[in-house]
Each structure stands twice: as structure tokens, then as C-alpha cells.
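One letter stands for each residue in the lines below.
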There are 2 protein chains.
Amino acid sequence: MKESGILPEDESVHCSRVLRLKSGAEIDTVDGDGNAYHCCILDSNPKGVSLEILSVTSEPKCWKGSLTLAVAPTKNADRMEWLVEKAVEMGVDEIVLLKCDHSERKVMKLDRLHRIIVSAMKQSLKATLPLLRGPVPFGEFMQESPASTACKVMGYCSPTVERRDFGQVFHGGDLTVLVGPEGDFSPSEVQSAMEAGFVPVTFGMSRLRTETAALYAVAAFHVIENLNND
Amino acid sequence: MKESGILPEDESVHCSRVLRLKSGAEIDTVDGDGNAYHCCILDSNPKGVSLEILSVTSEPKCWKGSLTLAVAPTKNADRMEWLVEKAVEMGVDEIVLLKCDHSERKVMKLDRLHRIIVSAMKQSLKATLPLLRGPVPFGEFMQESPASTACKVMGYCSPTVERRDFGQVFHGGDLTVLVGPEGDFSPSEVQSAMEAGFVPVTFGMSRLRTETAALYAVAAFHVIENLNND
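Just so it is clear, the structure is predicted and the values come from calculations on it, not from any experiment.

Q: For this particular structure, what's the right way to read the side chain of Lys152(B)?
A: All names here are of chain B. Counting through the fold element by element, lysine 152 comes out in strand E8 (residues 151–155). It is glutamate 144 that comes nearest to the buried, bridge-free lysine 152 among opposite-charge side chains, at 9.7 Å. A polar side-chain atom of lysine 152 sits 2.7 Å from the main-chain carbonyl oxygen of alanine 196.

Q: Looking at this structure, how should I read the pattern of salt bridges?
A: Two side chains carrying opposite charge are able to pair once their charged atoms lie near each other. As enumerated under the stated definition, the model contains 26 salt bridges over all chains in all. A salt bridge links Glu89(A) to Lys86(A), with the shortest nitrogen-to-oxygen separation between them at 3.0 Å. Separated by three residues within a single helix, Glu89(A) and Lys86(A) lie in helix H2 (residues 77–90), roughly one turn from each other. By relative accessible area, which is 0% here, Glu89(A) ends up buried. Because the salt bridges share partners, they merge into one network encompassing Arg79(A), Arg209(A), Glu211(A), Glu85(B), Lys86(B) and Glu89(B).

Q: Is there a simple way to think about helix H3 (residues 110–123) of chain B in this case?
A: One turn of an α-helix holds 3.6 residues; hence residues three or four places apart share an orientation. Residues and elements named next belong to chain B. With 14 residues, H3 extends 20 Å from end C-alpha to end C-alpha; this agrees with the ideal 20 Å at 1.5 Å per step. Regarding H3, the residues found buried are Leu113, Ile116, Ile117, Val118, Ala120 and Met121. On the buried face of H3, the contacting elements are helix H1 (9–18), strand E2 (26–30), helix H2 (77–90), strand E6 (94–99) and strand E7 (131–137). A positive backbone phi angle near 60° is found at leucine 125, which sits one or two residues after H3.

Q: Honestly, the interface of chain A and chain B in this entry has me stumped. Any pointers?
A: How big an interface is tends to be reported as the loss of accessible area on association of its parts. With 32 residues of chain A at the interface, the matching set in chain B holds 32 residues. Note on chain A versus chain B: buried area summed over both sides is about 3000 Å², and carbon and sulfur give 56% of it. The interface formed by chain A and chain B holds eight salt bridges in total. Inspection of the region where chain A meets chain B yields 20 residue pairs in polar contact (both at pLDDT 80 or more). Elements supplying a minimum of two residues to the side of chain A that touches chain B: H2, helix H5 (166–169) and helix H7 (210–229) of chain A. Considering every element that reaches the side of chain A that touches chain B, the biggest residue donor is H7(A), with 11 residues. In the side of chain A that touches chain B, the residues fall into 13 nonpolar, nine polar and 10 charged.

What counts, and where the lines are drawn
Along each chain, residue indices are assigned from 1 in the same order as the chain's sequence is written. Each chain takes a letter, starting from A, and each ligand takes a number, starting from 1, following the order in which they are written. The predicted origin of the model limits local features to residues at a pLDDT of at least 70 and limits the giving and counting of side-chain atom pairs to 80 or more, whereas totals for whole chains, interfaces and linings rest on all residues. Each side-chain value is derived from all of the structure's non-hydrogen atoms; neither hydrogens nor water enter the calculation. Strands here are runs of E lasting at least two residues and helices are runs of H or I lasting at least four, both read from the DSSP assignment and numbered beginning at the N terminus. Accessible area is worked out with a 1.4 Å probe on protein chains only. A residue is then buried under 20% of its type maximum, exposed over 50%, and partly exposed in between. The sign given to each residue is positive for Lys and Arg and negative for Asp and Glu; His and the chain ends receive no count. Definition used for salt bridges: Asp or Glu carboxyl oxygen within 4 Å of a side-chain nitrogen of Lys or Arg. As used in this structure description, the phrase polar contact means that two N or O atoms lie within 3.5 Å; if the pair is within protein, one of them must be able to donate a hydrogen and the other to accept it, and residues adjacent in sequence are counted only when both atoms belong to side chains. Residue count minus one, scaled by 1.5 Å, sets the expected span of a helix. Every residue pair with non-hydrogen atoms within 4.5 Å of one another is taken to be in contact. Note: buried area is the sum, over both parts, of the accessible area (probe 1.4 Å) each one loses when the two are combined. Under the convention adopted here, Pro, Cys and the residues Ala, Val, Leu, Ile, Met, Phe, Trp and Tyr are nonpolar, Asp, Glu, Lys and Arg are charged, and Gly plus all remaining residues are polar.

Here is the structure:
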């Protein structure tokens, strides 16, 4: 028996109306769970393109460790959307939107971020969809996985707390990174993060905006993992 | 004798009209050549704020190697502007806009990019202004500094050429990075770059857009330099 499937509505509209693909055309799709499907269009209905699956291949993610980026949304939503796109392109497993004491923005349109994530996943030829959730209050996130074996770091701007460079702390494996809002983490957040095992770090020597620090962390995760693969 | 100075017109308008600073207010300024000045406003004229310089401090750049990022402008100018902002925040010495065989965009508004660079320099508390030039035809850039001792890498997407991960090639010091346009470098560009000593590299395992690859390279430069400082 032949396997078949139907594209979601937004992808169907894109396939049928934008790409103008007809029955018989072959396309490649992913399911977001690490599988890629080579398919033949049976019916190019913009409300739901039906497909015959010609072959399935497993496309595991191309990095080993698990990267969780927990970041306070920036005041300017564009900067956050840009960060999410770039983080997914470079490779991230989970993005958590943190609600912090100094957050100027407490909410983000998750459906919009979700679409950006799907688009960046496809653009960068990945088959696994990163998780997105939030807003999660900072204190609540600190209660999660207290016994996690992941390396846990917190980007912090103030030199009032002893900080190490990120590369001194992360040597590969799983990583959870906290990046605070424009006003930085509050002293009580820093205290509770350190109690939860997060190490205060700097991301290089420059003062970076929230979204730049977060993207530096994502890039640094991959740079260090790839160095270990040498 | 007291040292004095006058702010450029755009900064004067910002100081006088936006920040509404009056005579007697103290401000910090930088000259883009690595010097920071603590000043007192003598006359808050929006056409040229005059200042008395109270003290000068040398603020050398906070990284050791010299980083030249030579990148083909993206079709979408926003993506390029974003890259320039982020590269300056993280730290870059020179940005060269390359004109490549497959470039869809051959020109960029340099004055607009210049303003973004100044703003990002100030935002990230730097006192040295990165150089910006272009568009430079690819072949012309290959003729420059043929005997450079810098590590020279070229991001290249096609597996038709043997590539190494960036971290296997760059171990600190000076770096020149080439990043091609959306359509990648042409085979003849790859050939001439290799003849000029550029090593084809990958930036991690993902397929990245032009601006994402370029920013990964900038972050990786700093990650690796900071690892060497440990």
C-alpha cells in the first residue's frame, strides 16, 4: 500500500498558488520530527495538497548536544524575530521566552515566531523543528530540571558578579543559556540562577545587546562543539 | 590651555534636540580612533555643540587579532544592515562589500551603513570605528595584500570543493573571511581565492544564509580568540 499525506493549509497555499505546482510534480517535505519525505503531488488543492510519499529518509539534527536558549524578549519585537530566525538557522533545540523582573516586553506573538521557526528550519535544510515556549516566569524556569546535567550559563553584564568567558565554562555537550532583557537580570534573579547552578559568563569582551548576546551564545555552542569534533 | 571640540552636526542635533542637554552638562564621546573624551558642554548649539574636554582616555579595541569581513551584499538590504550592526557590536576591524559574479545586489548605501556602524560602535561602548569600503570587485580584492600573514578563509556551500570546519583552520591572530552572495561564489572565484591562499571552510554543519554565515564567522573569531586567552 502506498503511503500518502496532506500538506497543512499554509503550505498547501504556498505549494499550489505561489509555486503553482501541479499534480505529478515531485517535492521534498519535512515533518519537523527529523524525517524528510520525497513526494509526488496527487492533487494540488490549495486547501490541502495531497501527496504520495515516494521515499522517507531520516535526517537527524547535525549537532550532538542539546541547546536550550532561554531569553527575555527584547522591547523591539523585530530584534527577537531576527534572533529566532538566526538561532534556528545555526541550530537550536529549544527557545524559551523568559519573563524577567526588568522585562519591558512580557508577551510575544508565538504563532508569528512559530512561522519564522518553520521557515528558518526549511531554509537551512533541517528536518527537526525547535521547540518554542513562553513566556515562562524566570523563577518558574529556575525550578525546572534542577538536577540537569547540562552546562548552565547566564549572560550577565554587571561586573559586580565574578564572571568567566563562555568558552572557559562550556566544553561541549548539553547547554542551557540564560540571556536577560535590556535592563539585565535583577540581583535576585542572578542570586537564584547561581543557586540553581547557572554560571555567570561573558560572551566575548564587548557589551552586546540582548539579541546579539543570545546569538553569540548559539554560534559559540556550535564553534566549540565543532572544535571538539576535530 | 583648555582643550575643546565641536560635535558633528548629526550628533549635535541628537545632543541638543533629542537629549536636550544644556551648557554645563557632562557627556562622554569617542573619536572613532580609540579615544574616549569626558566633556562639558560649553554651548548646546544644534548646528555644532561645543565642548570643553575634561579628560581623555585611550580605549583600545578589546580584541587582539585584526578581523576583515569581506561579504557580498545580500539582495535584501535589511539583512546586510542587520549584519553590519551585529558584526560591529561583536567586534570587527574592517567590512568590505564584495562584488561577485553571482551578486544580485551590486550597490549599497554606504552613508546609511556608516551611520549604523557609528551607532553600533557607541551602543557597544567601543571607541574605534571599523572601516567600511566597497563595492570592491572580487578579483580586485584577491589582488590585495597577497603576502598577508593573516589566516584567510572563504565560506563556501558546495561540497564540490574539499572544505574544513572554520575552527580547524583559524587558531587566533589576524583573519580575513570571504562570504559569498545568495548564489554562492562562482567556480572561477573559488579557484582564484584558493590560488590567493584562501581556505574553503564551513561555518558549522548547517546551511546558512549569507548574513548568518558572516555573523557566525565574526562570533567564531571572538570565541576562538577568547579560548586562546584562557
